[in-house]
Amino acid sequence: MATAFSTAKFSTQPFPLNPTSTTSHDSSIVFARPTSQFLGSTRKFRLTSSSKFNLSRRSKTVVAVSDVVKQKKSKSSPSLLITKEEGLDLYEDMVLGRAFEDMCAQMYYRGKMFGFVHLYNGQEAVSTGFIKLLKQQDSVVSTYRDHVHALSKGVPARAVMSELFGKTTGCCRGQGGSMHMFSREHNLLGGFAFIGEGIPVATGAAFTSKYKREVLKEADCDHVTLAFFGDGTCNNGQFFECLNMAALWKLPIVFVVENNLWAIGMSHLRATSDPHIYKKGPAFGMPGIHVDGMDVLKVREVAKEAIGRARRGEGPTLVECETYRFRGHSLADPDELRDPAEKARYAARDPITALKKYLIENSLASEAELKTIEKKIDEVVEDAVEFADESPVPSRSQLLENVFADPKGFGIGPDGRYRCEDPKFTEGTAHV
Amino acid sequence: MALRNIIGKRIGNGIGLVGRRSLSTSTSDVENRNAKSMNLYSAINQALHLALETDPRAFVFGEDVSFGGVFRCTTGLADRFGKARVFNTPLCEQGIVGFGIGLAAMGNRAIAEIQFADYIYPAFDQIVNEAAKFRYRSGNQFNCGGLTIRAPYGAVGHGGHYHSQSPEAFFCHVPGIKVVIPRSPRQAKGLLLSCIRDPNPVVFFEPKWLYRLAVEEVPEHDYMLPLSKAEVIRQGSDITLVGWGAQLSIMEQACIEAEKDGISCELIDLKTLIPWDKETVEASVRKTGRVLISHEAPVTGGFGAEISASIVERCFLRLEAPVARVCGLDTPFPLVFEPFYMPSKNKVLDAIKATVNY
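Definitions and cut-offs
- Residues numbered from 1 in each chain as written.
- Chains lettered and ligands numbered in written order.
- Predicted model: local features only at pLDDT ≥ 70, side-chain atom pairs only at ≥ 80, totals over all residues.
- Heavy atoms only, no water.
- UniProt positions renumbered as here; feature names shortened; annotations may be inferred.
- Helix = DSSP H or I, 4+ residues; strand = E, 2+ residues; numbered from the N terminus.
- Rg over C-alpha atoms; globule rule 2.2 N^0.38 Å.
- Contact = heavy atoms within 4.5 Å.
- Areas by Shrake-Rupley, 256 points an atom, 1.4 Å probe, with all protein chains shown as cover.
- Lys, Arg positive; Asp, Glu negative; His and termini not counted.
- Charge placed at Lys NZ, Arg CZ, Asp CG, Glu CD.
- Buried area = accessible area lost by both parts, 1.4 Å probe.
- Salt bridge = Lys/Arg side-chain N within 4 Å of Asp/Glu carboxyl O.
- Polar contact = N/O pair within 3.5 Å; in protein donor to acceptor, adjacent residues only side chain to side chain.
- Nonpolar A, V, L, I, M, F, W, Y, C, P; charged D, E, K, R; others polar.
- Core = buried A, V, L, I, M, F, W, Y, C linked by side-chain atoms within 4.5 Å.
- Buried < 20%, exposed > 50% of the residue type's maximum accessible area, 1.4 Å probe, protein only.
- Pairing = 2+ DSSP bridges.
- Axes fitted to C-alpha atoms, helices over the stretch in contact; angles between N-to-C directions.
- Patch = residues over 30% accessible without salt bridge, like charges linked within 9 Å, V, L, I, M, F, W, Y side chains within 5 Å.
- Phe/Tyr/Trp six-rings, centres within 6.5 Å; stacked < 30°, edge-to-face > 60°.
- pLDDT = per-residue confidence, 0-100.

As recorded in an unreviewed UniProt entry, chain B goes by 3-methyl-2-oxobutanoate dehydrogenase (2-methylpropanoyl-transferring) and comes from Hibiscus sabdariffa. The record in UniProt for chain B states the following under Cofactor (unreviewed entry): "thiamine diphosphate". Under the heading Catalytic activity (unreviewed entry), UniProt records this for chain B: "N(6)-[(R)-lipoyl]-L-lysyl-[protein] + 3-methyl-2-oxobutanoate + H(+) = N(6)-[(R)-S(8)-2-methylpropanoyldihydrolipoyl]-L-lysyl-[protein] + CO2".

As named in an unreviewed UniProt entry, chain A is Pyruvate dehydrogenase E1 component subunit alpha, taken from Hibiscus sabdariffa. Within the UniProt record for chain A, the comment given under Cofactor (unreviewed entry) is "thiamine diphosphate". Its UniProt record gives chain A the following Catalytic activity (unreviewed entry) comment, quoted word for word: "N(6)-[(R)-lipoyl]-L-lysyl-[protein] + pyruvate + H(+) = N(6)-[(R)-S(8)-acetyldihydrolipoyl]-L-lysyl-[protein] + CO2".

As C-alpha cells, then:
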C-alpha cells in the first residue's frame with residue numbers, strides 16, 4: 001500500500017516477518033499479518049503492508065528478534081538478545097511490578113489505601129521493556145495505571161507505597177494518591193487520571209529537549225520522552241492532535257500504546273473503526289509498529305530502535321504493544337465482561353514466566369538466582385508497606401499549600417500563620 | 001486512622017438520614033400510588049426506561065452504558081431497546097456531546113452520559129459554544145432542546161481530584177442551558193424525565209454519593225417534576241438555608257442540631273440552578289431575614305455567590321446578617337484531606353449560629 005510518505009526518507013525494505021513461527025500466538029513484530037488472538041473472532045480486517053520502518057542500519061539485530069520466537073531453538077543460540085546482567089535486571093523489575101501490585105490489592109482490601117486504584121498485572125513487559133532503556137533525565141508520562149511505570153523509572157517502592165497510603169513520605173507528599181505519581185528526581189511527569197491528558201504534556205516535554213539541543217546548543221541533550229496510554233485513548237482528540245504536532249516538529253518522543261483490548265467494559269474492537277492502532281502513525285508521518293507486549297525481549301528490541309530514533313533526532317514513533325491486564329480495570333471493577341477463555345489465553349503468556357523460561361533455557365540464570373531475586377523483592381515490598389504504615393499522615397496545613405506559587409498568597413495568612421490555624425477554618429469560610 | 005473514622009462517620013450519617021426520612025415535605029407533588037423503595041441509580045434507570053419507551057427517537061449513549069454503566073444507571077436499556085438506541089461511544093467527551101447536539105438538532109432526544117462530571121471539561125466547549133447558542137444563533141430554525149447530558153458529580157469519600165468535582169458553577173454562567181440537580185431518588189426520576197422532555201438543552205448532575213445510599217419510595221408510573229421551581233423541604237423561621245444535591249442531607253442534619261439550640265431553620269432545595277427560582281428563596285428570606293448557602297464546590301465563584309448577590313439585591317433592607325456561604329475550600333479537590341475540605345455538618349452548624357447571633 002503506497003503510503004503518502006513513500007517519498008520520505010524511510011527505507012522501503014519491508015520488515016522481515018517470521019513466517020516459520022510455530023507457536024501461533026507468538027507473533028513477531030507484525031506489519032501485515034494479524035494474529036487471530038489479537039482480533040478475537042473478527043477476521044474481516046485484512047491488512048496490507050503498512051508502515052515502513054527504517055531498519056537499514058539495524059536489520060541484523062532485528063532478525064535476531066524473530067529467532068527468539070522459536071521456542072525450540074537450541075540453547076547455544078548465536079545471538080542472544082540480552083546479557084545475564086540485563087536479563088536479571090529485567091526480571092527483577094518485572095517481579096517488583098507484579099509483587100507491588102499484588103500487595104496493593106491486599107492493602108486495599110484491608111482498608112489501608114483507598115480511592116480508585118488501577119493495577120498493572122500482566123502488562124509489566126511494556127513498562128520494563130521501555131523504561132529500563134531510559135536514562136534518569138529522560139521523561140515518562142503515564143496514565144492512572146502508573147504504579148509500575150513509577151517503579152521502573154526508579155521511584156523507590158517506599159515512596160510509591162506511602163503515596164498510595166496518603167502519607168507525607170509519599171512521592172507527592174500524599175497529595176495525589178494512586179493516579180498521580182510524580183517525581184522530579186526521576187523525571188516522571190505524572191500519572192493522569194484523565195485519559196489522553198498526559199500526551200500533550202509529554203509532547204511539550206519532548207519539545208523542551210529538542211529546544212535545548214538545537215536552540216540553546218546543549219549539544220549533548222538527547223533526552224527522550226515516553227508517553228504511555230491505552231487503547232481507549234486512541235479514539236480521543238488529544239491523541240491525534242499530539243501525533244500531528246510531534247511529527248510536524250520531529251520531536252524526540254515515543255508514543256507507547258498499551259493496548260489491553262478493554263477500556264473498562266468497552267472492547268477495543270467495538271469502539272474503534274480500525275482497531276490497528278499502529279496504522280495511525282504513518283497517517284501522521286511517523287512509523288507505526290505493533291509488537292507483542294507480553295514478551296519483554298521483543299518490546300525491548302522495538303524500544304531500542306524507537307528510543308534510538310528519538311535520540312538521534314529523527315522524530316517520533318508510535319508503538320502499539322499488544323498486552324493484557326490480568327485484573328479488572330480497577331479494584332472496584334468486578335471484571336465480569338471479559339471472556340474467561342481470553343483471560344486464560346493471556347495468562348498463559350505471562351511475561352514473567354516467559355522471561356524466566358528464556359533465562360533458564362538459555363543458561364543465563366539458574367532457578368536459584370531467580371528465586372533469590374523474588375525473595376529480595378518480597379522483602380522490598382514488605383519493607384515499603386511497613387515504611388508507609390509508620391509514616392505520618394500529612395498535617396492539615398498541607399491542604400492549602402501549593403495552590404499557587406506564592407505560599408503567602410494562600411497558604412499563609414497575613415499574620416504569618418497558616419490559614420488553617422485561623423479559628424474561622426472550621427466554619428468553612430476560608431476566604432483568601 | 002482518625003481520618004478514616006471521619007470518612008466512615010460521614011457515610012454513616014448519610015445512610016441514616018436519607019434512608020429514614022423522605023426529604024420532601026410537600027404533600028402532593030407526586031401521587032404515591034405503586035411506590036417502591038429504591039435507590040438513586042434505580043430511580044434514574046427507571047426514568048431512562050420510561051423516556052426511551054415513550055419516545056421512539058430517544059437515544060442513550062456514553063462510555064460503558066451498554067452493560068449498565070459504571071454506576072448501573074443504564075442497566076437493561078441495551079437489552080430492551082437494542083444497540084441502535086443504547087450504545088457505547090469511544091472515549092471522547094467532546095465528540096460525545098457534539099454528536100449529541102447533532103442528534104438533537106435533527107429532532108431526536110439525545111441523552112448523553114458523561115462518566116464523571118470531572119470529565120466534562122473537554123465537552124465544555126461544545127456545551128457552551130454550541131448547545132447553549134444553537135437556537136439563538138439560528139434564529140430558532142434549529143435547536144438542540146432534545147439534548148440532556150447526565151453526569152455523576154460530587155464527593156464520594158475517596159474520589160480524589162478527578163472523581164469528586166462539582167462543576168455546576170461553570171455551567172450556571174451560560175445562558176441557553178439549564179442545570180438541574182436532584183437530591184433524592186424520587187426527585188431524580190421526576191426531574192430527569194422533565195429534563196429529557198424539556199425543549200432546552202439540560203445538564204443533569206447526579207450526586208454520586210447518593211447512588212446507593214439514598215433509598216426512598218419512588219412511584220413506578222411516569223411522572224414529571226417542574227423545573228425552575230425550588231422546594232421548601234423544611235419549614236422554619238429563623239434562618240433560610242439554600243442548597244442542592246447531596247449537600248442537603250448534611251444541611252438537614254445541621255438543622256436538626258440547631259433545633260436543639262432553639263434555632264428554627266428553613267431548608268430550601270433549589271433543584272434547578274439555572275434558571276433558578278428566585279421568588280421562593282426571596283419569600284423565605286423575607287420571612288426569616290437570614291440566609292446561608294452551602295455547596296461542595298469551592299466557595300470563590302461558586303453558585304452560592306450568585307444566590308448571595310441576588311438576595312442582597314432584592315432583600316437588602318430585610319437582611320439581619322450577612323449572607324453566609326459554607327462551601328468547599330479554594331483548593332483542588334483533595335484526596336486525603338477530603339473531610340477537612342468538605343462543608344461538613346459542623347461547619348454549617350457554626351455558620352448557622354454565627355449568622356443567627358450576628
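Let's pick the thread back up.
(A) Focus on the overall build of chain B. Counting its regular elements, chain B contains 14 helices and 14 strands. In terms of overall size, chain B behaves like a compact globule, its C-alpha atoms giving a radius of gyration of 20 Å where 358 residues would be expected to give roughly 21 Å. Along the longest, intermediate and shortest principal axes, the C-alpha atoms of chain B span 60 × 50 × 45 Å. Sequence separation of at least 24 residues holds for 83% of the intrachain contacts in chain B that already meet a minimum separation of 6. Only carbon and sulfur atoms are counted for the fraction: they give 53% of the accessible area of chain B, which is about 12,800 Å². Seen as two clouds, the 38 positive and the 37 negative side-chain charges of chain B have centres 2 Å apart.

(B) Layout of the interface of chain A and chain B. Chain A puts 43 residues into the contact, and the matching count from chain B is 39 residues. Around 3,500 Å² of area is buried between chain A and chain B when both sides are counted, 72% of it from carbon and sulfur atoms. Viewed at the interface, chain B and chain A are joined by zero salt bridges. The tally of links from chain A across to chain B stands at four residue pairs in polar contact (both at pLDDT 80 or more). The residue makeup of the side of chain A that touches chain B, split by class, is 21 nonpolar, 19 polar and three charged.

(C) Representation of the nonpolar core within the structure. In terms of nonpolar packing, the biggest core is built from 100 residues, with Ile127, Phe205, Trp244, Leu270, Phe303 and Ile307 of chain B touching the most fellow members. Tallying contributions element by element places helix 2 (residues 40-54) of chain B first for this core, with nine residues. Apart from the residues within four sequence positions on either side, leucine 270 of chain B is in contact with Lys229, Ala230, Val242, Gly243, Trp244, Trp276, Val281, Phe303 and Ile307 of chain B. Counting 68 residues, the second-largest nonpolar core is a separate cluster that includes Tyr108, Val254, Leu331 and Leu370 of chain A.

(D) Expanded view of the sheet that holds strand 6 (residues 178-180) of chain B. Residues and elements named next belong to chain B. On the basis of which strands lie adjacent, the open sheet formed by seven strands has the order 3-2-4-5-7-6-12 and mixed pairing. Whereas interior strands pair on both sides, the edge strands pair on one side only; in this sheet they are strand 3 (86-88) and strand 12 (272-274). Put simply, the sheet's adjacent strands are angled 20° from each other on average, direction ignored. Sheet topology places strand 2 (residues 58-62) next to strand 4 (residues 109-113); five bridges connect them, and they run parallel. The residue of strand 4 that forms the bridge with glycine 62 is glutamate 113. Here helix 4 (residues 93-105) sits on the sheet and contacts strand 2, strand 3, strand 4 and strand 5 (147-153); the angle it forms with strand 2, its principal contact strand, is near 170°.

(E) Looking closely at the side chain of arginine 183 of chain B. All names here are of chain B. Tracing the sequence through the fold places arginine 183 in the loop between strand 6 and helix 8 (185-197). Overall, arginine 183 belongs to the buried group, its relative accessible area being 2%. Only 3.4 Å separates the side chain of arginine 183 from the side chain of glutamate 231, close enough to count as a polar contact. In this structure the side chain of arginine 183 is engaged in a polar contact, spanning 2.6 Å, whose partner is the side chain of aspartate 269.

(F) Expanded view of the sheet that holds strand 7 (residues 317-322) of chain A. All names here are of chain A. Reading across from one edge, 1-2-3-7-6 is the order of the five strands in this open sheet, with parallel pairing throughout. Strands with a single pairing partner mark the edges of an open sheet, and in this sheet they are strand 1 (139-141) and strand 6 (288-292). Neighbour to neighbour, the strand axes of the sheet diverge by 20° on average, direction disregarded.

(G) Expanded view of the packing of helix 13 (residues 351-361) of chain A against helix 14 (residues 367-390) of chain A. Residue and element names in this part refer to chain A. As a packed pair, helix 13 and helix 14 sit with axes 10 Å apart at the nearest point and diverge in direction by 145°. Along its contact with helix 13, which presents Lys356, Leu359 and Ile360, the element helix 14 presents Glu367, Leu370, Lys371 and Glu374. When grouped by side-chain class, the residues that make up the contact of helix 13 with helix 14 number three nonpolar, no polar and four charged.

(H) Quick peek at a nonpolar patch on the surface. Taken together, the side chains of Phe207, Tyr211, Val215, Leu216, Leu248 and Trp249 of chain A present a nonpolar region at the surface, about 600 Å² in accessible area. Positionally, tyrosine 211 of chain A belongs in helix 7 (residues 198-214).

(I) Here's a closer look at unusual backbone geometry. The amide bond that connects isoleucine 274 of chain B to the next residue, proline 275 of chain B, takes the cis arrangement and shows omega of -10°. The topology assignment puts proline 275 of chain B in the loop between strand 12 and helix 11 (278-288). Unusually for a residue other than glycine, asparagine 187 of chain A sits at a positive phi of about 55°. Mapped onto the secondary structure, asparagine 187 of chain A falls in the loop between helix 6 (157-165) and helix 7. In this model, arginine 72 of chain B sits at a positive phi of 65°, which is unusual for a non-glycine residue. On the basis of relative accessibility, which here comes to 24%, the residue arginine 72 of chain B falls in the partly exposed class.

(J) Representation of the UniProt feature "domain: Dehydrogenase E1 component" (unreviewed entry) in chain A. The UniProt record annotates "domain: Dehydrogenase E1 component" (unreviewed entry) at residues 93-394 of chain A. End-to-end, the C-alpha atoms of residues 93-394 of chain A are 30 Å apart, and along that stretch the chain is 46% helix and 10% strand.

(K) Geometry of the packing of aromatic side chains. Applying the stated criterion to the full structure yields 27 aromatic pairs over all chains. Between phenylalanine 124 of chain B and phenylalanine 170 of chain B the ring centres are 6.2 Å apart and the planes differ by 80°, which places this aromatic pair in the edge-to-face class. Taken together, the positions of phenylalanine 124 of chain B in helix 5 (residues 124-131) and phenylalanine 170 of chain B in helix 7 (residues 168-171) put the pair 46 residues apart, joining distant regions of the chain. Since its relative accessible area comes to 26%, phenylalanine 124 of chain B is described here as partly exposed. Ring pairs connect the aromatic residues Phe116 and Phe194 of chain A together with Phe71, Phe116, Tyr119 and Tyr211 of chain B, which therefore count as one cluster.

(L) Geometry of the confidence of the model for chain B. Residue and element names in this part refer to chain B. When pLDDT is averaged along chain B, the result is 90; 92% of the residues meet or exceed 70. Taken together, the stretch residues 1-28 has pLDDT below 50 and engages in 45 contacts with residues farther than four places along the chain or on a different chain. ipTM for the predicted complex: 0.81, alongside a pTM of 0.81.

(M) Molecular detail of the UniProt feature "domain: Transketolase-like pyrimidine-binding" (unreviewed entry) in chain B. Sequence positions flagged by UniProt for "domain: Transketolase-like pyrimidine-binding" (unreviewed entry) are, in local numbering, residues 38-213 of chain B. In this annotation, residues 38-213 of chain B is assigned 38% helix and 18% strand; the end-to-end C-alpha distance for the span is 10 Å.

(N) View of the pattern of salt bridges. Residue and element names in this part refer to chain A. Applying the stated criterion across every chain, the model contains 44 salt bridges over all chains. A salt bridge links aspartate 93 to lysine 132, with the shortest nitrogen-to-oxygen separation between them at 3.9 Å. Taken together, the positions of aspartate 93 in helix 3 (residues 84-109) and lysine 132 in the loop between helix 4 (124-131) and strand 1 put the pair 39 residues apart, joining distant regions of the chain. For aspartate 93, a relative accessible area of 5% puts it in the buried group. For aspartate 102, the salt bridge identified is with arginine 327, shortest N-O distance 3.1 Å. With aspartate 102 in helix 3 and arginine 327 in the loop between strand 7 and helix 12 (340-347), the pair connects residues that are 225 residues apart, well separated along the chain. Residues participating in the shared-partner salt-bridge network are Asp292, Asp295, Lys298, Glu322 and Arg349.

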